[in-house]
Amino acid sequence: MKHTFRWFGAHDPVTLAHIRQAGATGVVTALHHIANGEVWEVAAIEKVKNAIEAVGLEWTFIESIPVHENIKLRQGDFRKRIDNYKQSLVNAARCGIHQVCYNFMPVLDWTRTRLFWELPHGGTALRFDIVEMAAFELFLMQRPGAEKAYTSEVLTEAETLFAKMSASEKQVMEDNILKGLPGTVEDLSMSDFKAMLSPYDGLTHQDLKSNLSFFLNEVIPVAEEHHMVMAIHPDDPPIDIMGLPRIVKSEQDLEDLISFVDSPANGITLCTGSLGANPEVDLPKIVAKFADRIHFLHLRNVRREADGSFYEDNHLDGSVDMYAVVAEIMNIEQQSGREIPMRPDHGHQLLDDLNTSSAYCGYSAIGRLKGLAELRGLELGIKRTRL
Ligand code: DNO
């Protein structure tokens, strides 16, 4: 595997020098200052690329060129936004960057109810709690029909929980949940958020899949022409939340995705944390099945709980059998001669991370360094026992 680290740009307190010290050889980043849907110009891409190369690293993957909401909705100026997307791809290729991650989650990216959930040793982890999520939807957001999305046990617990929460706890919960836009530090207000959701009213999974298919049929030929690959990130968590359809959360969804355009350029980011939160997903099987479509690896573990909650565990502990996943990845690398880029996805807040609260949620230096070190050790161990 090619070892990379995510970097959020010049404002990231985890610097390129830190990334190099952590043992990564590649960087994964985006032009976070460019508004979603605008063209990434060559000069702006070059500037970031030069900064990365100046410290002896390489810009391995773009994560992400975000997809404008009008493209997901196939409404308004979506054709212009798709043209902009194509132009950004062409410009990235001109700068020598050929691998692009993206997602097709409506409105929100990843969603958690706790950003600093304390572990027994005092470090913190990200957590998605189904009871808190239900309490948010029912009582803070007051989404009509939200009760249909939860079991009666969860609804009862959510009611009890909400009755006990103080005003400030409710505010923290709202801020946490509306945080799902990586690379930003701004929280959305509830009314902005509702305004963003309303165009999705009545949009079904099938509609959203058809809009994804339309988008891919437009951009994949451009990617192919410029020897690029696109790698969709699965939905996180892998369930419908807030009434929004989520369409990349299961093996069947991945099959549908690759059927939309039959090209290796139409690929997947294997996020073991996102897919691994779905108890029905067999990750080693998915690696073997979609081998030639897996272009990027987000390696992270989750510990699933019976009611659908989960938290992010150590990279090698939890419900995902990381040994089996990495062993399968190494099989497909061996068969294809490829070296697939990986990044340790997220990390706990540990040691000095706990004093540097300005890092992006989930993207602490030491927690991720630990994850990378463990994953590299696992990889080396597998390699040596196979020799
Ligand atoms: C979370 C990340 C995601 C990912 C995007 C890709 O930390 O894994 O935000 O970058 O979904 O577009």
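Remember, predicted model here, so these are calculated numbers, not experimental data.

Attention now moves to the pairing of strand β7 (residues 229–233). Across the five residues of β7, five count as buried, placing the element largely inside the fold. Side-chain alternation along β7 places Val229, Ala231 and His233 on one buried face and Met230 and Ile232 on a second face that is also buried. Summarising the sheet, strand β4 (residues 99–103) and β7 pair through five bridges and their orientation is parallel. Bridged to Tyr102 within β7 is Ile232. Taken together, β7, helix α10 (residues 251–260) and strand β8 (residues 266–271) constitute a β-α-β crossover, and its handedness is right-handed.

One closed barrel accounts for eight strands, arranged β1-β2-β3-β4-β7-β8-β9-β12; its pairing is parallel. Between one strand axis and the next, the sheet turns by 30° as a mean value, whatever way the strands run. Relative to strand β9 (residues 294–299), β8 is paired through four bridges, and the arrangement is parallel. Directly across from Cys271, in β9, lies its bridge partner His298. In this fold helix α9 (residues 205–225) packs onto β4, β7 and β8, with an angle of close to 150° to the strand it touches most, β7. Strand contacts of helix α14 (residues 365–386): β1 (2–6), β9 and β12 (341–344), with the helix running at about 170° to β1, the strand carrying the most contacts.

This part takes up the packing of α9 against α10. A pair of packed helices is captured by two measures, namely the crossing angle of their axes and the spacing between those axes. Remark: α9 packs on α10, axes separated minimally by 9 Å, with the N-to-C direction vectors making an angle of 40°. Considering the relative orientation of α9 and α10, their crossing is right-handed. Contact residues: α9 offers Lys209, Leu212, Ser213, Leu216 and Asn217, while α10 offers Asp253, Asp256, Leu257 and Phe260. Per-class residue counts for the contact of α9 with α10 are four nonpolar, two polar and three charged.

Let us look at the site of the ligand. In the vicinity of the ligand, 16 residues are found, and the nearest of them are Glu63, Ser64, Asn103, His346 and Tyr363. Within the complex, 99% of the 330 Å² of free accessible area of the ligand lies under protein. The pocket occupied by the ligand, as judged from atoms lying within 2 Å of grid points, is the largest cavity. No other element matches β4, which puts three residues into the shell around the ligand. Of the residues contributing to the shell around the ligand, the split by class is six nonpolar, five polar and five charged.

What counts, and at which threshold
Residues numbered from 1 in each chain as written. Predicted model: local features only at pLDDT ≥ 70, side-chain atom pairs only at ≥ 80, totals over all residues. Heavy atoms only, no water. Buried < 20%, exposed > 50% of the residue type's maximum accessible area, 1.4 Å probe, protein only. Helix = DSSP H or I, 4+ residues; strand = E, 2+ residues; numbered from the N terminus. Pairing = 2+ DSSP bridges. Right-handed = clockwise from strand over helix to strand, strands pointing away. Axes fitted to C-alpha atoms, helices over the stretch in contact; angles between N-to-C directions. Contact = heavy atoms within 4.5 Å. Left-handed = near helix turned anticlockwise from the far one by under 90°. Nonpolar A, V, L, I, M, F, W, Y, C, P; charged D, E, K, R; others polar. Near = heavy atom within 4 Å. Areas by Shrake-Rupley, 256 points an atom, 1.4 Å probe, with all protein chains shown as cover. 1 Å grid on protein atoms, 1.4 Å probe; cavity = no way out; pocket = protein on both sides within 12 Å on 5 of 7 lines; lining within 4 Å. Sits in = over half its atoms within 2 Å of the grid points.

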